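Survey of secondary and tertiary structure
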Amino acid sequence: MRPIIVFSDFDGTITQQDTGNIIIDKCIGTEKRIRLDDSILDGRRSFRDANNEMWASVNLETFGEAIALLKENKVSHDVEFGRFHSILTRLNIPLKVVSAGLKPIVTLYMESFGNCEIYANDCSIERTADGSVSWKLKYVDESPFGHDKGAPIRLLKEQFKAAGLSEEERPRILFIGDGVSDLSAARDADFVFAKKGKDLETYCQREGISGVIIWEDFGAICDWLEKWAAAV
Ligand SMILES: [Mg+2]
């Protein structure tokens with residue numbers, strides 16, 4: 001089988017719900033969170049600025065408390081994610097999760113799955129002088145989402161090149177996503193799986209990214225991987 005490496009978004013892709021929205025809504029209410037989201041979409045505020053404000057309002061004392069809240073809200077993995085992960089393990093395909101969300105949350109949520117590396121913004125829970133709790137983000141880089149999801153893909157390609165592998169010889173890179181922050185990774189991957197009816201599908205069409213495969217659940221990606229393994 002020709003080697004392949006899988007990169008995947010987390011919120012709305014591996015999970016069916018957005019974990020950040022659930023945590024933030026619990027602390028500031030859905031209405032205020034949507035107002036802040038709208039201010040990003042219509043360009044009145046930068047992603048970082050509004051995102052910092054949302055997370056600073058989160059007053060949960062531990063990441064474990066946030067995970068308990070997500071479980072209460074029945075946040076679940078995609079229905080076929082378990083099968084997908086077993087295929088990756090069986091075929092020895094590495095999984096790299098790239099998220100504009102929070103590394104401690106993604107790490108805890110992916111704990112039961114091995115063979116997984118996580119690239120995401122970090123976060124610390126800080127206590128202010130008056131004793132109140134606030135979540136503070138530490139971004140991976142200076143890009144608009146604080147984390148350019150294409151960067152680890154480009155770095156990997158450079159490493160293959162440095163190791164003497166040509167573009168044709170190096171392992172193929174597959175990316176799975178659904179949202180606006182996934183566009184940079186979609187540009188750098190060899191195969192892109194964009195979730196049906198979500199922003200990434202629209203953006204890929206608008207940007208003229210070719211070879212995009214539309215998916216509704218991970219079952220479609222499982223089938224594609226099985227064919228890949230059988231064919232090459
Ligand atoms: Mg997403």
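Our subject is the structure listed above.
Residues numbered from 1 in each chain as written. Predicted model: local features only at pLDDT ≥ 70, side-chain atom pairs only at ≥ 80, totals over all residues. Heavy atoms only, no water.

A few words now on the sheet that holds strand β1 (residues 4-8). Spatially, the seven strands line up as an open sheet ordered β4-β3-β2-β1-β5-β6-β7, and their pairing is mixed. Strands with a single pairing partner mark the edges of an open sheet, and in this sheet they are β4 (133-138) and β7 (212-215). Direction aside, neighbouring strands of the sheet carry axes that sit 25 degrees apart on average. The pairing of strand β6 (residues 191-195) with β7 spans four bridges and is parallel. Counted as the bridge partner of F193 is I213 from β7. Helix-sheet contacts for helix α9 (residues 199-207) involve β5 (172-177), β6 and β7, and the interaxial angle to β6 is about 130 degrees. (Pairing = 2+ DSSP bridges. Helix = DSSP H or I, 4+ residues; strand = E, 2+ residues; numbered from the N terminus. Axes fitted to C-alpha atoms, helices over the stretch in contact; angles between N-to-C directions. Contact = heavy atoms within 4.5 Å.)

For soluble globular proteins, nonpolar side chains are generally found buried alongside one another. In terms of nonpolar packing, the biggest core is built from 51 residues, with F84, M110 and W135 touching the most fellow members. Per-element tally for this core: the top contributor is helix α10 (residues 218-231), with six residues. Every residue in contact with M110, bar those within four places of it in the chain, is listed here: F10, I14, H77, F81, L95, V97, C116 and I118. (Core = buried A, V, L, I, M, F, W, Y, C linked by side-chain atoms within 4.5 Å. Buried < 20%, exposed > 50% of the residue type's maximum accessible area, 1.4 Å probe, protein only.)

Moving on: the side chain of D9. Within the secondary structure layout, D9 lies in the loop between β1 and α1 (19-28). There is a polar contact of 2.9 Å between the side chain of D9 and the side chain of K149. Apart from the residues lying within four places of it in its own chain, the contact partners of D9 are I14, V98, K149, F175, I176, G177, D178 and D182. (Polar contact = N/O pair within 3.5 Å; in protein donor to acceptor, adjacent residues only side chain to side chain.)

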